Amino acid sequence: MKNTLLTLGCLAALAVPFLSTIAAGEGDAGQVAFNTHCRNCHSTKPDDNRLGPTLHNIFGAKAGQVKDFGNYSGSLTADITWDEATLDKFLADPKSLASSTTMTPFAGVPEAEQRKLIIDFLKTQSNS
Ligand code: HEC
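Residues numbered from 1 in each chain as written. Predicted model: local features only at pLDDT ≥ 70, side-chain atom pairs only at ≥ 80, totals over all residues. Heavy atoms only, no water.

*Asks:* So, the packing of helix H3 (residues 84-92) against helix H5 (residues 112-124): which residues are in play, and what are the values?
*Replies:* At a minimum axis separation of 10 Å, H3 and H5 run at an interaxial angle of 130 degrees. Here H5 runs oblique to H3, going by the angle between their axes. Crossing angle aside, the handedness with which H3 passes H5 is right-handed. Two secondary-structure elements touch here, H3 through Glu 84, Leu 87, Asp 88, Leu 91 and Ala 92 and H5 through Arg 115, Ile 118, Ile 119, Leu 122 and Lys 123. Across the contact of H3 with H5, the residue classes tally to 6 nonpolar, no polar and 4 charged. (Axes fitted to C-alpha atoms, helices over the stretch in contact; angles between N-to-C directions. Helix = DSSP H or I, 4+ residues; strand = E, 2+ residues; numbered from the N terminus. Parallel < 35°, antiparallel > 145°, perpendicular 65-115°, else oblique. Left-handed = near helix turned anticlockwise from the far one by under 90°. Contact = heavy atoms within 4.5 Å. Nonpolar A, V, L, I, M, F, W, Y, C, P; charged D, E, K, R; others polar.)

*Asks:* I'd like a description of the packing of aromatic side chains, backed by residues and values.
*Replies:* Inspection of the entire model under this criterion finds 3 aromatic pairs. Between Phe 34 and Phe 121, the ring centres sit 5.1 Å apart and the planes meet at 40 degrees, which makes this aromatic pair tilted. Pair noted here: Phe 34 is in helix H2 (residues 29-37) and Phe 121 is in helix H5, with a separation of 87 residues, a long-range link. Residues Phe 34 and Phe 121 agree in their burial class; the two are buried. (Phe/Tyr/Trp six-rings, centres within 6.5 Å; stacked < 30°, edge-to-face > 60°. Buried < 20%, exposed > 50% of the residue type's maximum accessible area, 1.4 Å probe, protein only.)

*Asks:* How would you sum up H5? Please name residues and give values.
*Replies:* Helix length check: H5 (13 residues) gives 19 Å between terminal C-alpha atoms against 18 Å at 1.5 Å per residue, within 8%. Buried residues of H5: Arg 115, Ile 118, Ile 119, Phe 121 and Leu 122, and no others. An end-on view of H5 places all buried positions within 160 degrees of arc, on one side of the element. Summarising the geometry of H5, the exposed residues directed more than 90 degrees from the buried face are Glu 113, Lys 116 and Thr 124. (Expected span 1.5 Å × (residues − 1). Arc of directions from axis to C-beta.)

*Asks:* Tell me what's going on with the confidence of the model for the protein chain, and back it up with residues and numbers.
*Replies:* Should pLDDT be low for a region, the predicted coordinates there are not to be read in detail. Across the protein chain, pLDDT averages 87, with 78% of residues at or above 70. Within the protein chain, the lowest mean pLDDT, 54, falls on helix H1 (residues 2-24), and the highest, 98, falls on H3. (pLDDT = per-residue confidence, 0-100.)

*Asks:* Give me the lowdown on unusual backbone geometry, citing residues and values where you can.
*Replies:* Following Thr 104, the chain continues to Pro 105 via a peptide bond in cis, the omega torsion being 5 degrees. Its place among the elements puts Pro 105 in the loop between helix H4 (94-97) and H5. Of note, Asn 57 is a non-glycine position whose phi angle comes to about 60 degrees, a positive value. Its location among the elements puts Asn 57 in the loop between H2 and H3. The exposure class assigned to Asn 57 is partly exposed, which follows from its relative accessible area of 28%. A positive phi angle, near 65 degrees, is found at Asp 68, a position not held by glycine. Mapped onto the secondary structure, Asp 68 falls in the loop between H2 and H3. Exposure remark for Asp 68: the relative accessible area of 68% places this residue in the exposed category.

Structure representation (structure tokens):
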């Protein structure tokens, strides 16, 4: 009996994130990808800095300039402008773009398709 309950509990724990992924639907695939890979450390609300700076309006912005984020490593500088190419490189392998970045232990998103979804989502959170 105890084992059955344990098994049921495990199944429920597995099913909940799976179902919420489905419920979010295709159109929100970018939001889901962002939630999976980035939300632990980032918000897209204005002025909502967490472990990482807010990503509100990040698309098109220069790197390392988010107001009141006091935790930059110094390796993200205004020489970098966040566009498709720079974001794709940074999200694939943060240190390939900014060698001493503190965006760790985030190890990068290996799948190009997932990165594109996330970058498109960040665009929708910018210029508003
Ligand atoms: C473990 C926490 C963590 C995770 C997970 C994480 N980040 Fe970050 N992120 C940071 C930190 C810390 C910085 C500041 C890095 C620095 O100064 O070198 C940062 C910086 C950034 C920047 C540069 C912001 C600026 O002001 O120039 C972007 C863009 C970014 N992250 C996007 C993402 C995206 C998109 C994801 C998900 C695919 C992600 N991050 C996942 C912690 C995280």
